[in-house]
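Report on the structure
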Amino acid sequence: MSKESIVQRIISDAENEAAGIIAEAEKRAGEVIAEAESKAARNLAGTKAETEKRAKAITDGKAATARLDCAKIELAEKRRAIDAAYAAALEKLIALDEKQSLVLADRLITEYAEKGDEIVFAANYKYASAVVKLDIVKEKALKFSTGDNKIAGGFILKGKISDKDTSYAALLAADREQFVSEVAAKLFVTG
């Protein structure tokens, strides 16, 4: 073998070895790139899923807040309607005719007045003079006074031991406390 063929052979072997190293490096680079792309795709999918989850949580939270706000508004309107119903009831009680007023007054005095109490009439009570003529007033020896602007319809009973608010506003407040659920059910029938 000649010197030239040995050099040629060495160069050829070196080129083959270099080509093998380059091929191995390219193969390894391809694997690394494929792995990186796969990891990037997984990260992207995870990020998208997390983003969708967060977006859904935010949307659900906003929807819940909106439902709560709507419920608050609805409740406020229902309360306003109930207030209006009781205000109308107060107006109707104040506007009762003499016969109905006397029946109600007789019942209240019979049930709540004690001997010697004082009947304090509201300033707008039209039938005070008729009430003081009731038999129960004489029977219980009740005193009376008129013209209290603080009383919302009807009268109160002032006693030595305790006072009893039998004004129309107090009667309606007690009724409201006891029957507000039933009133609301009648006012706001659904279905």
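Shown above is the structure to which this text applies.
Here's what I pulled together on the structure shown here.

Quick notes on the rules
Residues numbered from 1 in each chain as written. Predicted model: local features only at pLDDT ≥ 70, side-chain atom pairs only at ≥ 80, totals over all residues. Heavy atoms only, no water. Helix = DSSP H or I, 4+ residues; strand = E, 2+ residues; numbered from the N terminus. Rg over C-alpha atoms; globule rule 2.2 N^0.38 Å. Buried < 20%, exposed > 50% of the residue type's maximum accessible area, 1.4 Å probe, protein only. Core = buried A, V, L, I, M, F, W, Y, C linked by side-chain atoms within 4.5 Å. Contact = heavy atoms within 4.5 Å. Expected span 1.5 Å × (residues − 1). Arc of directions from axis to C-beta. Axes fitted to C-alpha atoms, helices over the stretch in contact; angles between N-to-C directions. Parallel < 35°, antiparallel > 145°, perpendicular 65-115°, else oblique. Left-handed = near helix turned anticlockwise from the far one by under 90°. Nonpolar A, V, L, I, M, F, W, Y, C, P; charged D, E, K, R; others polar. Polar contact = N/O pair within 3.5 Å; in protein donor to acceptor, adjacent residues only side chain to side chain.

1. Focus on the overall build of the protein chain
The helix and strand inventory of the protein chain stands at five helices and four strands. Computed over C-alpha atoms, the radius of gyration of the protein chain comes to 46 Å, more than 25% over the 16 Å expected from 2.2 N^0.38 for 191 residues, which places it beyond the range of a compact globule. Its C-alpha atoms give the protein chain principal-axis dimensions of roughly 155 × 40 × 25 Å. By the burial criterion, 21% of the 191 residues in the protein chain qualify as buried.

2. Overview of the nonpolar core
For soluble globular proteins, nonpolar side chains are generally found buried alongside one another. Within the largest apolar cluster, 31 residues are counted, with the highest numbers of intra-cluster contacts made by Ile 109, Ile 119, Phe 121, Tyr 125, Val 131, Val 137 and Phe 155. Among the secondary structure elements, those contributing two or more residues to this core are α1 (3-94), α2 (98-112), β1 (118-122), α3 (128-131), α4 (135-139), β3 (155-158) and α5 (168-187). Looking at which element gives the most residues to this core, the answer is α2, with five residues. Once residues within four sequence positions are removed from consideration, Val 131 is found in contact with Leu 102, Ala 105, Ile 109, Phe 121, Tyr 125 and Val 137.

3. Some details on α2
The end-to-end C-alpha separation of α2 is 21 Å, in line with the 21 Å expected for 15 residues at 1.5 Å each. Here α2 has its buried residues at Ser 101, Leu 102, Leu 104, Ala 105, Leu 108 and Ile 109. End-on, the buried residues of α2 take up no more than an arc of 165°, which puts them together on one face. For α2, the exposed residues lying more than 90 degrees away from the buried face are Lys 99, Val 103 and Arg 107. Buried residues belonging to α2 abut α1, β1, α3, α4, β3 and α5.

4. Describing the packing of α1 against α5
Viewed as axis vectors pointing N to C, α1 and α5 meet at an angle of 135°, and their least axial separation amounts to 10 Å. Taken as axis vectors, α1 and α5 run oblique relative to one another. For the pair α1 and α5, the crossing hand works out as right-handed. Of the residues in α5, those touching α1 at Arg 79, Ala 81, Ile 82, Asp 83, Ala 85, Tyr 86, Ala 89, Leu 90, Leu 93 and Ile 94 are Tyr 168, Ala 169, Leu 172, Asp 175, Arg 176, Val 180, Val 183, Ala 184 and Leu 187. Along the lines of polarity and charge, the residues of the contact of α1 with α5 split into 15 nonpolar, no polar and four charged.

5. Examining the side chain of Thr 166
Here Thr 166 is to be found in the loop between β4 (164-165) and α5. Separated by 2.7 Å, the side chain of Thr 166 and the backbone oxygen of Phe 155 make a polar contact. Setting aside its immediate chain neighbours within four residues, Thr 166 contacts Leu 108, Tyr 112, Phe 155, Ile 156, Leu 157 and Leu 171.

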